[in-house]
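Summary of structural features
Okay, here's what each chain looks like letter by letter:
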Amino acid sequence: MTTPLDTGRYGSAEMRGLFTDPARYAAFIRVEGALAEVQGRHGVIPAAAARAVAAQAAAYTPDLAAVARIEEVSRHEVFAVVQEFAARCGEHGRYVHFGATSSDILDTALALQLDATIRLLRQRLTALMTALSERVGVDGGHEMIGRTHGQHAQPITFGFKLAVFLDQLTRCLERLDELRPRAVMGKMAGAVGTLAGLGPLGPRVQHDVLALLGLPEPRISAQAVARDRVAEFFCWVALTASCLDNLATEIRNLQRTEIGEVAESFAEGDQIGSSAMPHKRNPVRCERVGSLARLLRSLVGPALENVVTWHERDLANSANERFTLPQAGILLDEMLTVMTAVAADLKVRPERMAANLELSRTASISEAVLLALVESGADRLTGYRMVQRASAMAAGGGEARGVEAPGAVGRGAAGRGVPSGGAQVAVGRDVLRALADDPEVTALIPTEELAKFAARPPDTGDSEALTEQTLRHAARALRAGAGAVPGAVAEAAEAAGSDEAENPENRENRENSEEGSR
């Protein structure tokens, strides 16, 4: 039985390509080539051998069948790949893997893989943030009811609602840029991390190999790169997946038939909503995001378990990482791509927003009335009970007595106050009518003053200003990080040419090494 990852059902071809055996083995040999090149530069191995090994590494395409044959005997994957490659290097093959241990190759190749994964996920995340920002620009001004506990609360704008989710995603972007220098970490420190196998030039060799690959250098490492670094990436994946799930769940809820304020796009004439019910238009893409988020959150457990190791290294992390890292990269890639498409072609229905806003009639101004009662001398709890009592009457359909109010305001179908010219105020399911029928209330707020609340347009507070502020912050985050993750190849040149381009751990290691050689 194949899995959806095997068939290509989820994730982009670019992301899936990072986790194939050929790509992984090519990363192993890229590391071996860099090691030989640097060792030749420092005279650790003959220069001719270094050139030959580096040239073979640059042109390497793995022979999967040959690797499999060697591994069947050796039962050691890295050894099999190295042996297959060393055979291609002829007489110079004996210098392949010189002074290195398997974890040097495995973990440095993992760092290259993780670097490429982060770079691609960052691109996907910025695309979603851009699509969401553009949706705010097109539809953000529509007024709608805000909901707490699933119940009507107070008016907001659609832009305000989306801006809350955009702000979450902005924090996800900022976290990714912050964690990358910690999570992406190579090493070339030998069997237990002391660099003994590389000789007296070990610290220089490690620094230069990692610089050539565009990777940061740890201050210290045992045989394997410490897994708290990798676990931080998995925690970010789970948190980002949950933020996407949050947005997807909101869209699913707003697409409910009884709400109907937004909807995923639907390919009329082609797409099938239900095999049995032709009328169905289901939020299947948002449901997919919610489903995958559940799986991604579960990956945090193994990642945290992998932080624990016996002594300088064990293999307890190895088998599960073969599953979890591809799942994390490919499935989050899928979720980000899907939500970008949903945001870009979201169907927004302002007429339904207006109709739902009208359902609450004047109930949504309950806080404003409460504040007016307090300002008129009522104890806050007493005023609260007055408004609560009127709201219960309105919700239950209890009829308030009609009140003659000169200049009073009736409620039209559109939910806007219209002066009634002294006519009796209509009765029914209306909080203000119930309040006007309560002598305790009218003793503090005259009926004509209560009527003015009905004339007010929906009070969305500072929705517009807060939305604009959030959009500006997101735009700054996008600009600030535009070149934050250029990838290993571009960073190699930066690290080689500038101390300022180095990770702080790199600088500290080099300074300590130079101090010790004096």
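All values reported here derive from a predicted model rather than from experimental measurement.

Comments concerning unusual backbone geometry
- We note that Arg75 has phi near 55 degrees; this positive angle belongs to a residue other than glycine.
- Mapped onto the fold, Arg75 is located in the loop between helix H5 (64–74) and helix H6 (77–88).
- A relative accessible area of 74% means that Arg75 is categorised as exposed.
- Of note, the phi angle at His149 is positive, near 55 degrees, even though the residue is not glycine.

Focus: the side chain of Glu321
- Residue placement: Glu321 occurs in helix H13 (residues 318–344).
- Classification of Glu321 as buried rests on a relative accessible area of 14%.
- For Glu321, the side chain forms a polar contact with the side chain of Arg227, separated by 2.9 Å.
- Within polar-contact distance, the side chain of Glu321 engages the side chain of Asn317 at 3.1 Å.
- Once residues within four sequence positions are removed from consideration, Glu321 is found in contact with Leu110, Arg227, Val230, Asn306 and Pro326.

Quick notes on the side chain of Asp333
- Tracing the backbone through its elements, the reader meets Asp333 in helix H13.
- Every residue in contact with Asp333, bar those within four places of it in the chain, is listed here: Gly11, Ser12, Met15, Leu120, Leu121 and Arg124.

Details of the nonpolar core
- Membership of the largest hydrophobic core comes to 107 residues, with the highest contact counts inside it found for Phe233, Trp236, Leu244, Leu332, Met335 and Met339.
- The leading source of residues in this core is helix H7 (residues 102–139), at 16 residues.
- When near neighbours in sequence (up to four residues on either side) are disregarded, Leu332 contacts Leu121, Trp236, Val237, Thr240, Ala241, Leu244, Leu296 and Gln327.
- Counting 20 residues, the second-largest nonpolar core is a separate cluster that includes Ile365, Val369, Met386 and Val431.

Points about the environment of Tyr10
- Mapped onto the elements, Tyr10 comes out in the loop between helix H1 (4–7) and helix H2 (13–17).
- Owing to a relative accessible area of 18%, Tyr10 belongs among the buried residues under this scheme.
- Between the alpha carbons of Tyr10 and Leu331 there is a distance of 6.5 Å; along the sequence they are 321 residues apart.
- If near-sequence neighbours (up to four positions away) are discounted, Tyr10 is found in contact with Pro4, Arg16, Arg288, Leu292, Ile330, Leu331 and Glu334.

Points about the packing of aromatic side chains
- Enumeration over the complete set of coordinates arrives at five aromatic pairs.
- For the pair Tyr25 and Phe28, a centre-to-centre distance of 5.8 Å together with 40 degrees between the ring planes defines the contact as tilted. Of this pair, Tyr25 and Phe28 both sit in helix H3 (residues 21–41), three residues apart, which is roughly one turn of the helix.
- Since its relative accessible area comes to 6%, Tyr25 is described here as buried.
- Relative to Phe85, the ring of Tyr60 lies with its centre 5.7 Å away and its plane at 90 degrees, an arrangement referred to as edge-to-face. Taken together, the positions of Tyr60 in the loop between helix H4 (47–58) and H5 and Phe85 in helix H6 put the pair 25 residues apart, joining distant regions of the chain. Each member of the pair Tyr60 and Phe85 is classed as buried.

Quick look at the pairing of strand E2 (residues 151–157)
- As paired elements, strand E1 (residues 143–148) and E2 share five bridges and run antiparallel to each other. Residue pairing across strands places Glu143 opposite Thr157, the latter belonging to E2.
- A loop of two residues connects E1 with E2, the two strands running antiparallel in sequence, and His149 in this loop sits at a positive phi of about 55 degrees.

Focus on the pattern of salt bridges
- Throughout the structure, instances matching the rule amount to 24 salt bridges.
- Here Glu250 ties to Lys161 by a salt bridge, and the two come within 2.6 Å at their closest N and O atoms. Here Glu250, found in helix H10 (residues 228–254), pairs with Lys161, found in helix H8 (residues 158–183); they are 89 residues apart in sequence, far enough to count as distant.
- On the basis of relative accessibility, which here comes to 12%, the residue Lys161 falls in the buried class.
- Between Arg256 and Glu258 there is a salt bridge, with the nearest N and O atoms lying 4.0 Å from each other.
- According to the relative accessible area criterion, Arg256 is partly exposed, its value standing at 42%.

A closer look at a nonpolar patch on the surface
- Taken together, Leu304, Val307 and Val308 make up a surface patch of nonpolar side chains, about 260 Å² in accessible area.
- Mapped onto the secondary structure, Leu304 falls in helix H12 (residues 300–305).

A short note on the environment of Ser376
- Along the chain, the position of Ser376 falls in the loop between helix H15 (366–375) and helix H16 (380–396).
- Since its relative accessible area comes to 35%, Ser376 is described here as partly exposed.
- Sequence separation of Ser376 and Ile445 is 69 residues, and the distance between their C-alpha atoms is 7.2 Å.
- Once residues lying within four places of it in the same chain are set aside, the contact partners of Ser376 are Leu444 and Ile445.

So, how was this worked out
- Residues numbered from 1 in each chain as written.
- Predicted model: local features only at pLDDT ≥ 70, side-chain atom pairs only at ≥ 80, totals over all residues.
- Heavy atoms only, no water.
- Helix = DSSP H or I, 4+ residues; strand = E, 2+ residues; numbered from the N terminus.
- Buried < 20%, exposed > 50% of the residue type's maximum accessible area, 1.4 Å probe, protein only.
- Polar contact = N/O pair within 3.5 Å; in protein donor to acceptor, adjacent residues only side chain to side chain.
- Contact = heavy atoms within 4.5 Å.
- Core = buried A, V, L, I, M, F, W, Y, C linked by side-chain atoms within 4.5 Å.
- Phe/Tyr/Trp six-rings, centres within 6.5 Å; stacked < 30°, edge-to-face > 60°.
- Pairing = 2+ DSSP bridges.
- Salt bridge = Lys/Arg side-chain N within 4 Å of Asp/Glu carboxyl O.
- Patch = residues over 30% accessible without salt bridge, like charges linked within 9 Å, V, L, I, M, F, W, Y side chains within 5 Å.
- Areas by Shrake-Rupley, 256 points an atom, 1.4 Å probe, with all protein chains shown as cover.

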